[in-house]
Structures are given as C-alpha cells and as structure tokens.
There are 2 protein chains.
Amino acid sequence: MSIHPGKTTLIGVLGGMGPLATVDLLQKIIEETPVSRDQDHVPVVAWNVPQIPDRQRALAGTGESPLPALLAAVSQLNSLSVSHIVIPCNTAHHWFDTLAAASDAPLIHIADATLASVAYLVKKRTEVLQNIGLIATKGTLEAGWYQQRFAALGAATLEPDEQEMETLFVPGCYAVKRGELHKGGALLGQLAQRLIDRGAQRLILACTEVPPALAAVNSHWLDVSLDPTRALAQACVREWQRSDKE
Amino acid sequence: MSIHPGKTTLIGVLGGMGPLATVDLLQKIIEETPVSRDQDHVPVVAWNVPQIPDRQRALAGTGESPLPALLAAVSQLNSLSVSHIVIPCNTAHHWFDTLAAASDAPLIHIADATLASVAYLVKKRTEVLQNIGLIATKGTLEAGWYQQRFAALGAATLEPDEQEMETLFVPGCYAVKRGELHKGGALLGQLAQRLIDRGAQRLILACTEVPPALAAVNSHWLDVSLDPTRALAQACVREWQRSDKE
C-alpha cells in the first residue's frame, strides 16, 4: 500500500515492552526528523500492546515465553504492509532471528543501529574508544550483541557485575516499569557512576527503560551516553529519507 | 482476536495529526493507568501516519480533503480488530460522523470525553462554572461541539476573536508542528491570558498542539486548564478497566 506518492516506507513498531519505551522511540523519531510540517514526518504504526510475557523472567527460566505474542504482533504489522519492523526493547532481540525469519518486512536490529552511531562518533571526532560501558539486562549482556560489535571497532566492553545487577539495575528497571522514574533514575545513575569509575569513556544505555529514567533525574551521565533507542530512531529516519530520494 | 484472557479491549489510535499529538495521547494513557507492571497497561495500536492532508486548510477551502486518508486509516485499524477508535486531533472530528459510520469499532468523541471530565469537576468541587474559555482551531470553534456540551451544563463559552486567532493561535499552532515548542508556548500562553482576562474560569485546550506547548514553557495557566487529550486518555483507561471487570 502506497501511503504517499513515491514513498513506500511505513515503519512498524513492535512495542509494548514496556509501553513507555515505545512512546520514547516514537518521540525520538519525531525529534530526529527535520521537518516544517506534519506531512514530512516518518509514517509509523505502533503495536503498543503490553500483554507480552516478561522477557527478563522468560530468559531467567521463571516465566513463559513471549515468542507466541511477538510472532502474533509481527503478523499483525505485516498485515498492514509495513516496510520495516523495529523493536524498542533490547531484551526482546533474543528472539530477533526467529521473528525476522517469520516476517515479510525486514527487521532492523537495535545493536546494528547503535553500532552505526558509535562508528559515526569515532569517525567524526577521531575519538579513540578503548572502553565502552554497557548497561543492559542480563539477557542482553549474555547475548553478546553489543560486545561483539564493539570488539569489531577495537573497543572493550565494561559490564555491571552480578551484585550491581541485583542491587542497582534490576530494581531501577522495574521502578521505571511502575512509572517511578525518579526512583529508577537514582538507582541507574549510581550504576552509570560505577562503570565510569572503572574507566568507561562512553555508556551504552541498552535497556529502553534507562534513558527516560536518567532524563527524569537530569543525570549528567547522559552527556557521555549513547541511547540505542535514539540510534534506532535515526535508523528509521534514514530509511524514510532514502525512500524519499528514490 | 483476544489479546489477553478475559480482555477484549484494543484501543485504535487514528493519529498523525500531528505525530506529536499522538505521542502525547499515548504518554497520557500510560500516565492515567494505575499499574505495577507492563502487562497491566492499556493495549493500544497507533496509526501515526502524518501523510494526511492538512485539516485546517481543507476546512478553509484552501486544501484537499483529508477524508479519504482518514477512511483508509479507519479501515486499517478495523483490520486489526480494534475495540474502539480515538482521534487525537480535535479538528479531524469534523469528519467524525462519516468515520463512525464506516467503522466496525465505535469511535469515542473527544468532546464527549472532555464533557465527562468537566462534569466530574463540577460535581466534585461543587464548582459553579459560568464561563469556560475555549482554545481551538477555527474549524473546531465553528463546529460547536464543545459549546453545545458546555451549554447543557449551564456554562457559557468564551472564544478567541478573529484577530487573536490570526496573531496568536494560528502561528502558535504551526510553531508546534515545526517542533518549536517554546515559541508556540509563548504565543498560546498570551492567548490563554486574554481569555482569563475576559472572565474565563477554566480553559479547554481543544487543539492537541496546545498542551505540549504550554507545558514546554511551564505555563501557570495549565493549573486552570482542562486537556481534552488527557480526558480522551482517561476515557480509554475506563474502557480498559471496564473490560477487566467483565
């Protein structure tokens, strides 16, 4: 379905994990699009249905798999003839390959979008990145998506230790899910401080709950952070601009 | 399609007018839902495709009709078996009856949602509302949706005059559409001041660009304002909670 003469981009957002992270992505897609009128904005359809089993619990073996709900959402988005699908939830990328195989529309991986932003920084500032701090769920840390890509750039990845995950990351993340942004921001800001103290030059906020939480407390660590949600938004805008020129 | 055992609510958002107003509604639906985990949030699918002809220009006779694009969006949302459709754009309610007739899912009118909020205020505070200020597009002002409903409550509606529309409302509104929230907020804040000076006890911000603009400049007129977008969000949450109890 062509929604605009000469344009065929329609970004499908497989969201709801959590719903606030989806709103954050939609907001950032708008911010990253240079426009002067409504009609120039990226066309997006967002499936923001949070009735998807908890991803962190599923990976920990303590909850049911979200895969059937994710596959159903991919099918719904494809029924609308979306051109691309993005997932504003890092942990859900555990099921990326299965979802990509089941989808007519290509999926954009959030770590690929982030790598494009990091590579751009390195190129632009002739910045030598030796140590990158990674804030993410246990599932994302163990998957290695970010670490492998950063290693290809010659950078080591610093991760939270087990105790920091239990006392700072997990309670911070679930505070955000309950809407307690300030509480979450305070805990996650402490975690950022720890990684900086260990030598991280940049922080990757690779859990979509983290950027809104740090923003809520005006954390100064945002200045050295890269936000994969924003990188994903930029990737969506690039697809839209590319179709504009074709 | 049942997305959750015992629940059949799936709110369809006919958005993109502009895209920021849609994000604002999604954010407010989350804020208005008392939850402790992702899975308790309202399931929403948002059609945020801004390639819809300008509503204000169409009503002024200087642009093409948005109706075909709106009907196509209603059809897409119905194909996902949404339970209700809401439109975070007051002016687009000009085509409400035609869209409602073409939709399997019922549409919730933004002025009905607002009336419910005003009536609640009157009841709760035993507030005698004599004069309500209405900030809206020319199309919404002329349609009379709000004025008729407020008259039924015994309240008169104060509207901007023609000069205020031209010098404050229209430039303020289009500044927001360009992403210039502070510029828009300054102009729309002046308009709010004028209506208060003429005796308005409450202001209805009946153009979805207005609340984010006043919020961006921390306008104190927000304290006496009612936001139809928030009222619409509350109506969505009520539908979700009702299905929860059935």
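The rules we used
- Residues numbered from 1 in each chain as written.
- Chains lettered and ligands numbered in written order.
- Predicted model: local features only at pLDDT ≥ 70, side-chain atom pairs only at ≥ 80, totals over all residues.
- Heavy atoms only, no water.
- UniProt positions renumbered as here; feature names shortened; annotations may be inferred.
- Helix = DSSP H or I, 4+ residues; strand = E, 2+ residues; numbered from the N terminus.
- Buried < 20%, exposed > 50% of the residue type's maximum accessible area, 1.4 Å probe, protein only.
- Contact = heavy atoms within 4.5 Å.
- Buried area = accessible area lost by both parts, 1.4 Å probe.
- Salt bridge = Lys/Arg side-chain N within 4 Å of Asp/Glu carboxyl O.
- Polar contact = N/O pair within 3.5 Å; in protein donor to acceptor, adjacent residues only side chain to side chain.
- Nonpolar A, V, L, I, M, F, W, Y, C, P; charged D, E, K, R; others polar.
- Pairing = 2+ DSSP bridges.
- Least-squares fit on C-alpha atoms with pLDDT ≥ 70 in both.
- Core = buried A, V, L, I, M, F, W, Y, C linked by side-chain atoms within 4.5 Å.
- Axes fitted to C-alpha atoms, helices over the stretch in contact; angles between N-to-C directions.
- Expected span 1.5 Å × (residues − 1).
- Phe/Tyr/Trp six-rings, centres within 6.5 Å; stacked < 30°, edge-to-face > 60°.
- Parallel < 35°, antiparallel > 145°, perpendicular 65-115°, else oblique.
- Left-handed = near helix turned anticlockwise from the far one by under 90°.

- Where an unreviewed UniProt entry is consulted, chain A appears under the name Aspartate racemase, with the organism given as Brenneria alni.
- For chain A, the Sequence similarities (unreviewed entry) comment in UniProt is given as "Belongs to the aspartate/glutamate racemases family."

## Brief notes about the overall build of chain A
Phase 1: For chain A, the helix and strand inventory stands at 11 helices and seven strands.
Phase 2: Principal axes of the C-alpha set define a box for chain A whose edges measure 50 × 45 × 35 Å.
Phase 3: For chain A, with 246 residues in total, the buried portion stands at 61%.
Phase 4: The long-range fraction of contacts in chain A, counting pairs at least 24 apart against all pairs at least 6 apart in sequence, stands at 73%.

## Overview of the interface of chain B and chain A
Phase 1: The partner chain A presents 39 residues to the 39 residues of chain B that form the contact.
Phase 2: Between chain B and chain A, roughly 3,200 Å² of surface is buried when both sides are summed, and carbon and sulfur atoms account for 60% of that area.
Phase 3: At the surface where chain B touches chain A, the tally comes to four salt bridges.
Phase 4: A salt bridge links Arg55 of chain A to Asp38 of chain B, with the shortest nitrogen-to-oxygen separation between them at 3.0 Å.
Phase 5: Our count for the contact surface shared by chain B and chain A stands at 13 residue pairs in polar contact (both at pLDDT 80 or more).
Phase 6: Those elements that provide at least two residues to the side of chain B that touches chain A are α1 (19-31), β2 (44-48) and α3 (67-79) of chain B.
Phase 7: The element best represented in the side of chain B that touches chain A is α1 of chain B, accounting for six residues.
Phase 8: Here the residues of the side of chain B that touches chain A sort into 22 nonpolar, 11 polar and six charged.
Phase 9: By the bridge criterion, five bridges tie strand β2 (residues 44-48) of chain A to β2 of chain B in an arrangement that is antiparallel. The partner of Val45 of chain A across the bridge, within β2 of chain B, is Trp47 of chain B.

## Observations concerning the relation of the copies chain B and chain A
Phase 1: The two copies are related by a screw operation: chain B maps onto chain A through 180° of rotation and 0.0 Å of translation along the axis, at an RMSD of 0.0 Å. Considering both components of the superposition, the chain copies are consistent with a two-fold axis. Across chain B, the rotation axis passes nearest the C-alpha of Ala46 of chain B, at a separation of 2.5 Å.

## What about the nonpolar core?
Taken as a class, soluble globular proteins show a tendency for nonpolar side chains to be buried jointly.
Phase 1: Judged by nonpolar contacts, the single largest core of 115 residues is most densely connected at Phe169 and Ile204 of chain A together with Phe169 and Ile204 of chain B.
Phase 2: In terms of nonpolar packing, the next biggest core, distinct from the first, is built from 48 residues, Leu67 and Leu99 of chain A together with Val74 and Val82 of chain B among them.

## With respect to the sheet that holds β2 of chain A
Phase 1: In spatial order, the strands read β3(A)-β1(A)-β2(A)-β2(B)-β1(B)-β3(B); together these six strands make up an open sheet with mixed pairing. Each edge of the sheet is formed by a strand with only one pairing partner; in this case those strands are β3 (84-86) of chain A together with β3 (84-86) of chain B. Along the sheet, successive strands turn relative to each other by an average axial angle of 20°, direction set aside.
Phase 2: Pairing analysis gives three bridges linking strand β1 (residues 11-14) of chain A to β3 of chain A, with the strands arranged parallel. When the bridges of β3 of chain A are listed, Ile11 of chain A appears paired with His84 of chain A.
Phase 3: In the packing of helix α3 (residues 67-79) of chain A onto the sheet, contacts are made with β1, β2 and β3 of chain A, and the angle to β1 of chain A comes to roughly 160°.
Phase 4: In this fold α3 of chain B packs onto β1 (11-14), β2 and β3 of chain B, with an angle of close to 160° to the strand it touches most, β1 of chain B.

## Side note on unusual backbone geometry
Phase 1: Geometrically, the link from Met17 of chain A to Gly18 of chain A is a cis peptide bond, its omega value of -15° lying close to zero.
Phase 2: Note that Gly18 of chain A resides in the loop between β1 and α1 (19-31).

## Considering helix α9 (residues 181-197) of chain B
An α-helix turns once every 3.6 residues. As a result, residues three or four positions apart point the same way.
Residue and element names in this part refer to chain B.
Phase 1: Helix length check: α9 (17 residues) gives 24 Å between terminal C-alpha atoms against 24 Å at 1.5 Å per residue, within 8%.
Phase 2: Looking at the buried positions of α9, the neighbouring elements they touch are β4 (131-135), β5 (156-158), α8 (162-177), β6 (202-205) and α10 (210-216).
Phase 3: Where α9 ends, the next residue or the one after it, Gly199, has phi of about 115°, a positive value.

## Structural notes on the environment of Gln234 of chain B
All names here are of chain B.
Phase 1: Locating Gln234 in the fold gives a position in helix α11 (residues 228-245).
Phase 2: Gln234 sits 207 residues away from Gln27 along the chain, and the two C-alpha atoms are 12 Å apart.
Phase 3: Not counting residues up to four positions away in its chain, the partners in contact with Gln234 are Glu32 and Ser117.

## As for the packing of aromatic side chains
Both the distance between ring centres and the angle between the ring planes are used here to describe each pair of aromatic rings.
All names here are of chain A.
Phase 1: Under the counting rule described, the total for this entry stands at two aromatic pairs over all chains.
Phase 2: Relative to Phe150, the ring of Tyr146 has its centre 6.0 Å away and its plane inclined at 40°; by these criteria the two rings are tilted. Pair noted here: Tyr146 and Phe150 are both in helix α7 (residues 145-152), with a separation of four residues, about one helical turn.
Phase 3: Owing to a relative accessible area of 0%, Tyr146 belongs among the buried residues under this scheme.
Phase 4: Owing to a relative accessible area of 1%, Phe150 belongs among the buried residues under this scheme.

## Structural notes on the packing of α1 of chain A against α1 of chain B
Phase 1: Two elements in contact, α1 of chain A and α1 of chain B, have axes separated by 10 Å at closest approach and are oriented at 165°. As the angle between them shows, α1 of chain A and α1 of chain B are arranged roughly antiparallel. Once α1 of chain A is placed against α1 of chain B, the crossing between them reads as left-handed. Residue-level inspection shows Pro19, Leu20, Val23, Leu26, Gln27 and Ile30 of chain A of α1 of chain A in contact with α1 of chain B, the latter providing Pro19, Leu20, Val23, Leu26, Gln27 and Ile30 of chain B.
Phase 2: Looking at the contact of α1 of chain A with α1 of chain B residue by residue, the classes come out as 10 nonpolar, two polar and no charged.

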